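Architecture at a glance
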Amino acid sequence: MTKKLFIKTYGCQMNVYDSARMADVLAPLGFTEADTAESASVVVLNTCHVREKATEKLFSDLGRLRRVKAARQADGGAMVIAVAGCVAQAEGDEILARAPWVDIVIGPQTLHRLPALLAEVDRVAAAGRRRAVQDTEFPAEPKFDFLPESAQAPGVSAFLSVQEGCDRFCSFCVVPYTRGAEYSRPVADVVAEATRLVARGARELTLLGQNVNAYHGVGPDGAPWGLGRLARRLAEIPELVRIRYTTSHPRDVDEALIAAHRDVEQLMPFLHLPVQSGSDRILAAMNRRHDVGFYRRLVDRLRAARADLAVSSDFIVGYPGETDADFADTLRLIDAVGFAQAFAFKYSPRPGTPAARAANQVPEPVKQARLAALQERLHAQQTHFNRACVGRTLPVLFDKPGRRPGQAAGRSPYLQAVVVAAPTRIIGQIRDVRIASLNTNSLVGMLITEGDGMTDYDARVSA
Ligand code: SAM
Ligand code: SF4
C-alpha cells in the first residue's frame, strides 16, 4: 500500500498546529494525505484531555479503527494506529491496556520522533512480532529545534506556535501536566517562521500558546521579550497585515501588551481573555490568582488603549462548591463586561487535578441548567454585538471560498465570519465590506470599491 497518512485532530488550535507538524515530519518519508482513515496506512489521533468528553470520543474512534485494521489485516494488508497529544501523554498505559491494537503512543513534546517510532514498529513487524511503542517523555531539547520546514503552503490565515505548556496550575486544568512546564521559543525562531509563512502567502498569523501572553522568549539582545514586544517586531514584516494571539491569562497581560494594542495597527482588536467565573470565591478556589475587580479593571485598561477592542472569554459552570449565588455573580459579570463572543463549559473533573478530588462536586442537572442559562446570555450578547455591525463598513480579510458558488468568506477585525458575493480571486486581500445582515454564524455583506460605489458583486448574498 502507498504511504497514506490520516490525522484526526481533537481540541484546541495548538493541536491543529501539532497535527500539521506531524504531517511535516512524515512528508520526507513519502507520506501524502489520505481523505479517510479507511484509505490510510498510518492513522494518527491527535487527542485532547481538557474535558472528559474528548477522551470518551477517542475510545469510541479507537473501537471503530480496530474493525478497519482487522479488515485490512484479513486482506493481507497493514495499518499503523498512533495516539498522539494530551490523552497519550496522560493516559498512555491505559490506552495500550484498553486498546491493544494501538501501535504508537506519542506525547505532544516528542512528535518529531514519530518517524523513528514508525521505523521501530516496522522493524518489530518485519521480525514477525508485534509490540506497541510509547514515547511520552518531556525532552530537555524543545521539539521546535527538530521540526522541518513545512512542505505544505500555509493558508491566508496561519497558526504559529510561540509558547507551550503552563506554570499556572489552575486547579481544574490538566494542561500543566500534559503539556509540561512553560516554554517560549526564541524571538529569532518565531520571526524566521513568521517570515517564511508570509513569504508563502500567509497574511494573518495567530500566535499560539496555552498561556501565550506568558511569552518570554529570548530576544536578539539576549533579554527576554514579552508578547507585546514580539508583536511589534512581527508587525515589521512587510505584507503581514494581521496579528492575533490566543489564549491569554488575565494575570499575564502586561503594560507592554496593552500598549501594543494601542500602537500596533496589525494587532487585531479582538482578545480572547478567559475569566472562567464571576465569583471571587470560586476564582480563589480555582487558583486563578485574580478576582472579578482585577478582570474588570484590566478590560477597562485594554479598552482605554483600544476603544473598539472586542473581548471574548471562557466560562466554567458547576466548579466544585459553586452555589446559585456564585453563578448569579457570573451572570452579573457578563452583563457588566459585554462579550463579543464566549465559550461555556460544564466543569469536567480531570484525573490528577486538585479540583477533581474536591468533595463538593455539583450535580449534573445543576451544571446542565447553569450551562443553558449561561449560553443563552452569551448568545444574546454575541447577537447584540453582531447586530451593531449591521450598516457599518468593516475591513475583511478573505481567506476561503464561501460555502456556495460565487461566494468568498473572510474575517472581520473582530474575528466575525463574513460572507460576500465575490470572485475567489479576492482571497488573500483585505477589502472593505458593508455589513447588510446577520446569518446564524456569520455576517453577510457587500464589497465596496474605493469610490464607495458598489462593485459588480454587490448583490446581497442569501447564504
Ligand atoms: N490558558 C487558558 C486560560 O488561562 O484560561 C485556557 C486554556 S484551556 C486548555 C481552555 C479552556 O478549557 C479553559 O479556559 C477552560 O474554560 C476550559 N477547561 C479547562 N479545564 C476544564 C475542565 N476541567 N472542565 C471544563 N472546562 C475546562
Ligand atoms: Fe490551564 Fe490556562 Fe490555567 Fe494554564 S492558565 S492551568 S492552561 S487554564
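Computed from a predicted structure; not experimentally measured.

Looking now at the overall build of the protein chain. In terms of regular secondary structure, the protein chain is built from 12 helices and 19 strands. In terms of overall dimensions, the protein chain is globule-like: its C-alpha atoms have a radius of gyration of 23 Å, near the 23 Å expected for 463 residues. Seen through its C-alpha atoms, the protein chain measures out along the principal axes to roughly 70 × 60 × 50 Å. For the protein chain, the residues scored as buried account for 53% of the 463 residues in total. For the protein chain, restricting intrachain contacts to residue pairs at least 6 apart in sequence, the fraction spanning at least 24 positions comes to 72%. Carbon and sulfur atoms make up 52% of the accessible area of the protein chain, which totals about 20,300 Å². Each charge class in the protein chain was averaged separately, 57 positive and 52 negative side chains, and the resulting centres sit 3 Å apart.

Generally speaking, soluble globular proteins have nonpolar side chains that are buried together. Leu205, Leu207, Leu230, Leu234, Tyr295, Phe315 and Leu374 are the most contacted members of the largest nonpolar core, which totals 67 residues. With seven residues, the single largest contributor to this core is helix α10 (residues 292-305). Apart from the residues lying within four places of it in its own chain, the contact partners of tyrosine 295 are Pro250, Leu273, Pro274, Val275, His290, Val311, Ser312, Ser313, Leu333, Val337 and Phe339. Of all hydrophobic cores here, the second largest spans 24 residues; its members include Ala37, Ala40, Cys48 and Val83.

Turning our eyes to something else, we now look at the side chain of asparagine 15. With respect to the helices and strands, the residue asparagine 15 is situated in helix α1 (residues 13-26). Taking the relative accessible area as the measure of exposure, asparagine 15 reaches 2% and is therefore buried. Among the polar contacts made by the side chain of asparagine 15, one reaches the main-chain carbonyl oxygen of tyrosine 10 at a distance of 2.8 Å. If we ignore the near neighbours within four places in the chain, the residues touching asparagine 15 are Thr9, Tyr10, Asn46, Thr47, Cys48 and Arg179.

The next thing to look at is the pairing of strand β15 (residues 393-401). Inspection of the sheet shows β15 paired to strand β18 (residues 430-438) by five bridges, in the antiparallel sense. Along β18, the bridge assignment pairs proline 395 with aspartate 432. As paired strands, β15 and strand β16 (residues 407-411) are joined by four bridges and run antiparallel to one another. Across the sheet, residue leucine 397 finds its bridge partner in β16, namely arginine 411. Hairpin geometry of β15 and β16 is characterised by an intervening segment of five residues between the two adjacent antiparallel strands and by a positive phi of about 85 degrees at glycine 406.

What surrounds ligand 1 is a group of 17 residues, the closest being Phe172, Gln210, Gln276, Asp314 and Ser348. Residue aspartate 314 places a side-chain N or O atom 2.6 Å away from an oxygen atom belonging to ligand 1. For the shell around ligand 1, the elements supplying multiple residues, two or more each, are β13 (310-317) and β14 (341-346). In the shell around ligand 1, the residues fall into seven nonpolar, five polar and five charged.

A separate point is the state of the cysteines. Every disulfide links exactly two cysteines, by a covalent bond between their sulfur atoms. One pass over the full model with this rule turns up zero disulfides. Distance from the sulfur of cysteine 48, which forms no disulfide, to the nearest cysteine sulfur (cysteine 12) is 6.2 Å. For cysteine 48, a relative accessible area of 12% translates into the label buried.

Another aspect to go through is the site of ligand 2. Within the structure, ligand 2 sits among Cys166, Arg168, Phe169, Cys170, Phe172, Cys173, Val175, Pro176, His249 and Arg288. The class makeup of the residues in the shell around ligand 2 is seven nonpolar, one polar and two charged.

Below, the discussion takes up the sheet that holds β18. The strand order around the closed barrel formed by five strands is β15-β16-β17-β19-β18, and the pairing between neighbours is mixed. Going from strand to strand, the sheet's axes swing by 50 degrees on average, the running direction of each strand aside. Sheet topology note: the strand β17 (residues 417-421)/strand β19 (residues 443-447) ladder contains three bridges and is parallel. Residue valine 419 lies in a different strand from β19, and its bridge partner there is valine 444.

Another point: the environment of alanine 194. Looking at the secondary structure, you find alanine 194 in helix α6 (residues 187-199). For alanine 194, a relative accessible area of 0% gives the class buried. When the C-alpha positions of alanine 194 and serine 150 are compared, they lie 12 Å apart, and in sequence the two are 44 residues distant. Beyond its immediate stretch of four places on either side in the chain, alanine 194 contacts Leu160, Leu205, Leu234 and Ile237.

What counts, and at which threshold
- Residues numbered from 1 in each chain as written.
- Chains lettered and ligands numbered in written order.
- Predicted model: local features only at pLDDT ≥ 70, side-chain atom pairs only at ≥ 80, totals over all residues.
- Heavy atoms only, no water.
- Helix = DSSP H or I, 4+ residues; strand = E, 2+ residues; numbered from the N terminus.
- Rg over C-alpha atoms; globule rule 2.2 N^0.38 Å.
- Buried < 20%, exposed > 50% of the residue type's maximum accessible area, 1.4 Å probe, protein only.
- Contact = heavy atoms within 4.5 Å.
- Areas by Shrake-Rupley, 256 points an atom, 1.4 Å probe, with all protein chains shown as cover.
- Lys, Arg positive; Asp, Glu negative; His and termini not counted.
- Charge placed at Lys NZ, Arg CZ, Asp CG, Glu CD.
- Core = buried A, V, L, I, M, F, W, Y, C linked by side-chain atoms within 4.5 Å.
- Polar contact = N/O pair within 3.5 Å; in protein donor to acceptor, adjacent residues only side chain to side chain.
- Pairing = 2+ DSSP bridges.
- Near = heavy atom within 4 Å.
- Nonpolar A, V, L, I, M, F, W, Y, C, P; charged D, E, K, R; others polar.
- Disulfide = S-S within 2.5 Å.
- Axes fitted to C-alpha atoms, helices over the stretch in contact; angles between N-to-C directions.

Shape descriptors only; they carry no functional weight alone.
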